[in-house]
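In case you want the letters, here they are:
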Amino acid sequence: MIHVASWATRFLFSSESLNQPVGRLSGGERARILIAQLMLQPADILLLDEPTNDLDIPTLEILEESLLEFRGAIVLVTHDRFMMDRVSTIVLGLDGLGEAEVFSDYSQWETWQGARASKPAGESSPTTSETPPAGSPPVKKKLSYLEAREFATMEERIADAEQRLRARRAALEDPSIASDGPLLLAASAEVEEAQKIVDALYARWSELEEKQN
C-alpha cells in the first residue's frame, strides 16, 4: 500500500497542504492531483489527448516521469515535441491521404516527410526499415522534459550572450574611458562577467548534447 503523505510528496505536496480544500489550490496543483489519482488507477492502456496543455513546468515534469513509469501501453496525442520524444517508443505518422507509417521517433517521421515532399508526384515512398520490433522494451530518452526544452533554446541563448559580450568589449575599447580608472575597471569587470556567461552556456550545451547522445 502507498501512504497518502508519501504519495502526495511525490507530486510536490507538503504534509501541511493535505488538509487544504481543493478549491484553494492553484491550477497546477489541481492538475497534479488529477495525475496522482490517474497513476493509482489499475489500467493496461492510457489514452491521452493533449495532456500537456496549460500545465506548468513542475507538473509537466511529474506527468513525464509518471508516464515513463507506467507499465502498460500509452496512446499519446500531442503537439508537444519534447514530451513525445521523451515518452514515445513508436510514432504513427499519417500522410493526410489515408495512409500511415510507423516510426521509431519524430525525427524519423520528419525525414520521411521530407523525402516524400521531394519525390515526383505518383512515386511511392519506401516504408521505414527502422521500426522497433514488437515487444521490444521502451527506450527512455536521456534528457528530461526541462532539459530538452533548455537544449532546444541553447543556440539562441548563446547567440544573445555572445552579442552582449561583443557590446561589452566595444565599450571597453572606447577611448573616452581609457583615462578614467574607475570606468575602465567597471568595463573590464563587465567583459569578464559576459565571457563567463558565454563559457558557461557552451559548457552546458556540450553537457546536454553528450547526455542526449
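Structure: see above.
Each value, and the rule that gives it
Residues numbered from 1 in each chain as written. Predicted model: local features only at pLDDT ≥ 70, side-chain atom pairs only at ≥ 80, totals over all residues. Heavy atoms only, no water. Phe/Tyr/Trp six-rings, centres within 6.5 Å; stacked < 30°, edge-to-face > 60°. Core = buried A, V, L, I, M, F, W, Y, C linked by side-chain atoms within 4.5 Å. Buried < 20%, exposed > 50% of the residue type's maximum accessible area, 1.4 Å probe, protein only. Helix = DSSP H or I, 4+ residues; strand = E, 2+ residues; numbered from the N terminus. Contact = heavy atoms within 4.5 Å. Pairing = 2+ DSSP bridges. Right-handed = clockwise from strand over helix to strand, strands pointing away. Salt bridge = Lys/Arg side-chain N within 4 Å of Asp/Glu carboxyl O. Axes fitted to C-alpha atoms, helices over the stretch in contact; angles between N-to-C directions. Parallel < 35°, antiparallel > 145°, perpendicular 65-115°, else oblique. Nonpolar A, V, L, I, M, F, W, Y, C, P; charged D, E, K, R; others polar.

Draft legend 1. Region of interest: the packing of aromatic side chains. Counted according to the given criterion, the structure contains three aromatic pairs. Judged by centre distance (5.0 Å) and plane angle (50°), the ring pair of Phe103 and Trp112 falls under tilted.

Draft legend 2. How the structure looks around the nonpolar core. Counting residues in hydrophobic clusters, the biggest one holds 22 residues, and the most contacted among them are Phe11, Met39, Leu46, Leu63, Leu67 and Met83. When residues of this core are traced back to their parent elements, those giving at least two are α1 (4-10), α2 (27-40), β1 (45-49), α3 (57-69), α4 (81-87) and α6 (145-152). Residues contacting Leu63, with those up to four places away along its chain left out, are Ile35, Pro51, Thr52, Leu55 and Met83. In this structure, Leu143, Met154, Ala161 and Leu165 belong to the second largest nonpolar core, which totals 11 residues.

Draft legend 3. Representation of the pairing of β1 in the model. Burial of β1 is one-sided: the residues Leu46 and Leu48 facing one way are buried, the residues Ile45, Leu47 and Asp49 facing the other way are not. Pairing of β1 with strand β2 (residues 73-77) involves five bridges; the strand directions are parallel. When the bridges of β2 are listed, Leu47 appears paired with Val75. Once the chain exits β1 it traverses α3 before rejoining the sheet at β2, and the crossover so formed is right-handed.

Draft legend 4. Summary view of the pattern of salt bridges. One pass over the full model with this rule turns up nine salt bridges. The salt bridge partner of Glu110 is Arg81, with a shortest N-O separation of 3.7 Å. Within this pair, whereas Glu110 is found in helix α5 (residues 106-118), its partner Arg81 is found in helix α4, the two being separated by 29 residues in sequence. Judged by relative accessible area, Arg81 falls into the partly exposed class, the value being 27%. Put simply, Glu150, Arg157, Arg204 and Glu207 are held in one network by salt bridges that share partners.

Draft legend 5. Inspection of the packing of α3 against α6 at higher detail. The N-to-C vectors of α3 and α6 enclose an angle of 120°; their axes lie 9 Å apart at closest approach. Taken together, the axis directions place α3 and α6 in an arrangement best described as oblique. Contact residues: α3 offers Ile57, Leu60, Glu61 and Glu64, while α6 offers Tyr145, Leu146 and Arg149. In terms of residue class, the contact of α3 with α6 is built from four nonpolar, no polar and three charged.

Draft legend 6. Looking closely at the side chain of Thr52. Here Thr52 is to be found in the loop between β1 and α3. We classify Thr52 as buried; its relative accessible area is 9%. In contact with Thr52, other than residues within four places in its own chain, are Leu60, Leu63, Thr78, Asp80 and Met83.

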